[in-house]
Amino acid sequence: ATGAMVWESDERESDEVGYLAVDPDRARLYVVGTWPRGTGEALAVTALRTTTGETLWRRRLTPGSDPYGNPVEATPDGKNLIVLGYVSESRTMVTSLRSRDGKFQWRNRLRLDWSGDVEADGRKVYVSGGGWKTRYYESYRTVAYDSIDGRQAWARTWDGGHDGNPGDYEDDEEWATASVL
């Protein structure tokens, strides 16, 4: 291990590159960012071969005027890739793609003003983020989805008790709406 550059990838179409993930067998590197689309941008993923930097596939995920690259996670078995992307005010998308070719598996929309992180444990996909619940305090949300079909398993929202409720809100389920492809 010399630290010498092995390869370099130049994403000429990219407007902004934000996050990276490597699949468990270390064969593919996933790059998430925004790409120009008409007069706006689109959140997109590019899969590269880790040994050469060759582009394997590219998938545009969300059209819109204001998308940003967000966290990406390969599932432990390496079969799927989970991408979390903020699209516009109070609209975040979590998307599952098949790792080998980028084919959509499922997608869900969430009411999040900002997205935090995404993790996958092989059975569930966990998404965190938050937004303004009241005029002065932010609320934080975590949603769990079934890894296979994207159906919501549970959702929890909390704000540290600033509204007199020290735990979850009564409206946990309304913050995450599933739309399985």
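Preceding block: the structure.
This write-up is about the structure you can find in this document. (Residues numbered from 1 in each chain as written. Predicted model: local features only at pLDDT ≥ 70, side-chain atom pairs only at ≥ 80, totals over all residues. Heavy atoms only, no water.)

As for the side chain of Arg-28
At step 1: Structurally, Arg-28 can be placed in strand S2 (residues 28–37).
At step 2: A polar contact of 2.9 Å, which involves the side chain of Arg-28, links it to the side chain of Tyr-30.
At step 3: Among all residues touching Arg-28, those that are not within four sequence positions of it are Ala-21, Val-22, Asp-23, Leu-48, Thr-50, Leu-56, Gly-78, Ser-99 and Arg-100. (Helix = DSSP H or I, 4+ residues; strand = E, 2+ residues; numbered from the N terminus. Polar contact = N/O pair within 3.5 Å; in protein donor to acceptor, adjacent residues only side chain to side chain. Contact = heavy atoms within 4.5 Å.)

Remarks on the environment of Ala-74
At step 1: Positionally, Ala-74 belongs in strand S5 (residues 72–74).
At step 2: What makes Ala-74 buried here is its relative accessible area of 11%.
At step 3: On a C-alpha basis, the gap between Ala-74 and Gly-122 in space is 9.7 Å, while along the polypeptide they are 48 residues apart.
At step 4: Every residue in contact with Ala-74, bar those within four places of it in the chain, is listed here: Ala-21, Val-22, Asp-23, Pro-24, Asn-80 and Leu-81. (Buried < 20%, exposed > 50% of the residue type's maximum accessible area, 1.4 Å probe, protein only.)

Looking at the packing of aromatic side chains
At step 1: Taken as a whole and judged by the stated rule, the model has three aromatic pairs.
At step 2: Plain terms: the ring middles of Tyr-30 and Trp-57 are 6.1 Å apart, the flat faces sit at 45 degrees to each other, and that makes the pair tilted. Here Trp-57 lies in strand S4 (residues 55–64) and Tyr-30 lies in strand S2, a separation of 27 residues in the sequence.
At step 3: Ring geometry for Trp-106 against Tyr-145: centres 5.8 Å apart, planes inclined by 40 degrees, an arrangement best described as tilted. Of this pair, Trp-106 sits in strand S8 (residues 104–110) while Tyr-145 is found in strand S11 (residues 138–146), placing the two residues 39 residues apart along the sequence. Accessibility assignment for this pair places Trp-106 and Tyr-145 in one class, buried. (Phe/Tyr/Trp six-rings, centres within 6.5 Å; stacked < 30°, edge-to-face > 60°.)

So, to be careful, I would describe these as geometric facts and stop short of saying anything about function.
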